[in-house]
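Here is what each chain is made of, one letter per residue.
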Amino acid sequence: MLIVTAGIIKKGNKILITQRKDEKNQALKWEFPGGKLEEDETPKECLRREIMEELDIKIEIEDIYEVVYHKYENVTILLLCYMAKYILGNPRAIECNDFKWIEIEELKDYDLAEADKKIRNKLLGSGLNN
Ligand SMILES: Nc1nc2c([nH]c(=O)n2[C@H]2C[C@H](O)[C@@H](COP(=O)(O)OP(=O)(O)OP(=O)(O)O)O2)c(=O)[nH]1
C-alpha cells in the first residue's frame, strides 16, 4: 500500500487543484497536489517537498482534513489530506499537466481521481472553514 499526502491549498475562497500527467496512474484526472511518502520523511515534510517539486510554491500546512483508503485496480493508497495555506510564489505546472485556482463548488465540474471524491463531498458539505 502506498502512503500519499495531498494538500487543500487555500488562497482566499479558492483552492488549488492539479491535473495529473497523461503518462501517470489516474492519467489526466484532477487531484489535490501532493505525492508519495518517501523513507525517512514525515507526512508534512513530504507534502511541503511535493508542492515545491510540482508547483514551486511555498505553503503552510495546517491540520489533517481527511484520510481516505482507496483501492484502485493496480494500486492501493492511503491518502493523507491536509488543509494548507498558500504563502508565496507563482505556481508553475512543473510535475503536473495543469493547475487551477477554483472555488469549492467548482469541484463538481472536474474529473477528480476516485479517492478524492470523498474529500470533495466533505468540502461541499462543510465549506473551507471547518
Ligand atoms: N498526489 C495525489 N495523489 C493522489 C490523489 N488522489 C489519488 O487517488 N492519488 C493517487 C494517484 C497515484 O496513484 C498516487 C500518488 O502517486 P503520485 O504519482 O502522485 O506520486 P509521486 O509524484 O510521488 O510519484 P512519482 O512520479 O515520483 O512516481 O495517489 C491526490 O489527491 N493527490
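Residues numbered from 1 in each chain as written. Predicted model: local features only at pLDDT ≥ 70, side-chain atom pairs only at ≥ 80, totals over all residues. Heavy atoms only, no water.

## Considering the UniProt feature "domain: Nudix hydrolase" (unreviewed entry) in the protein chain
Then, in step 1: Mapped onto the present numbering, the UniProt feature "domain: Nudix hydrolase" (unreviewed entry) falls on residues 1–125.
Then, in step 2: For the annotated span residues 1–125, helix accounts for 18% and strand for 43% of the residues, and the straight-line distance between the end C-alpha atoms is 29 Å. (UniProt positions renumbered as here; feature names shortened; annotations may be inferred. Helix = DSSP H or I, 4+ residues; strand = E, 2+ residues; numbered from the N terminus.)

## What about the site of the ligand?
Then, in step 1: Taken together, 19 residues surround the ligand, and among them R20, F32, K36, Y72 and D116 come closest.
Then, in step 2: Within the backbone of G34, one N or O atom sits 3.3 Å away from a nitrogen atom of the ligand.
Then, in step 3: At a separation of 3.1 Å, an oxygen atom of the ligand approaches a polar side-chain atom of E50.
Then, in step 4: For the shell around the ligand, the elements supplying multiple residues, two or more each, are β1 (2–11), β4 (34–36) and β6 (76–88).
Then, in step 5: Class assignment of the residues belonging to the shell around the ligand gives a composition of eight nonpolar, five polar and six charged. (Near = heavy atom within 4 Å. Polar contact = N/O pair within 3.5 Å; in protein donor to acceptor, adjacent residues only side chain to side chain. Nonpolar A, V, L, I, M, F, W, Y, C, P; charged D, E, K, R; others polar.)

## Let's talk about a nonpolar patch on the surface
Then, in step 1: Where nonpolar side chains cluster on the molecular surface, the patch consists of M1, I3 and Y69 and spans about 330 Å² of accessible area.
Then, in step 2: Here I3 falls in the partly exposed class, since its relative accessible area comes to 32%. (Patch = residues over 30% accessible without salt bridge, like charges linked within 9 Å, V, L, I, M, F, W, Y side chains within 5 Å. Areas by Shrake-Rupley, 256 points an atom, 1.4 Å probe, with all protein chains shown as cover. Salt bridge = Lys/Arg side-chain N within 4 Å of Asp/Glu carboxyl O. Buried < 20%, exposed > 50% of the residue type's maximum accessible area, 1.4 Å probe, protein only.)

## Some remarks on the pairing of β1
For a regular strand, side-chain orientation follows a simple rule: the groups alternate between the two sheet faces.
Then, in step 1: Most of β1 sits inside the fold, with seven of its 10 residues counted as buried.
Then, in step 2: In this structure, β1 lies alongside β6, joined through nine bridges in parallel fashion. By the bridge assignment for β6, K10 is matched with K85.
Then, in step 3: Pairing of β1 with β4 involves three bridges; the strand directions are antiparallel. Across the sheet, A6 pairs through a bridge with G34, a residue of β4.
Then, in step 4: Note that β1 and strand β2 (residues 14–19) share two bridges and pair antiparallel. Bridge pairing links K11 to K14 in β2.
Then, in step 5: Once β1 ends, the chain turns through two residues before running back antiparallel as β2, passing G12 with a positive phi of about 60°. (Pairing = 2+ DSSP bridges.)

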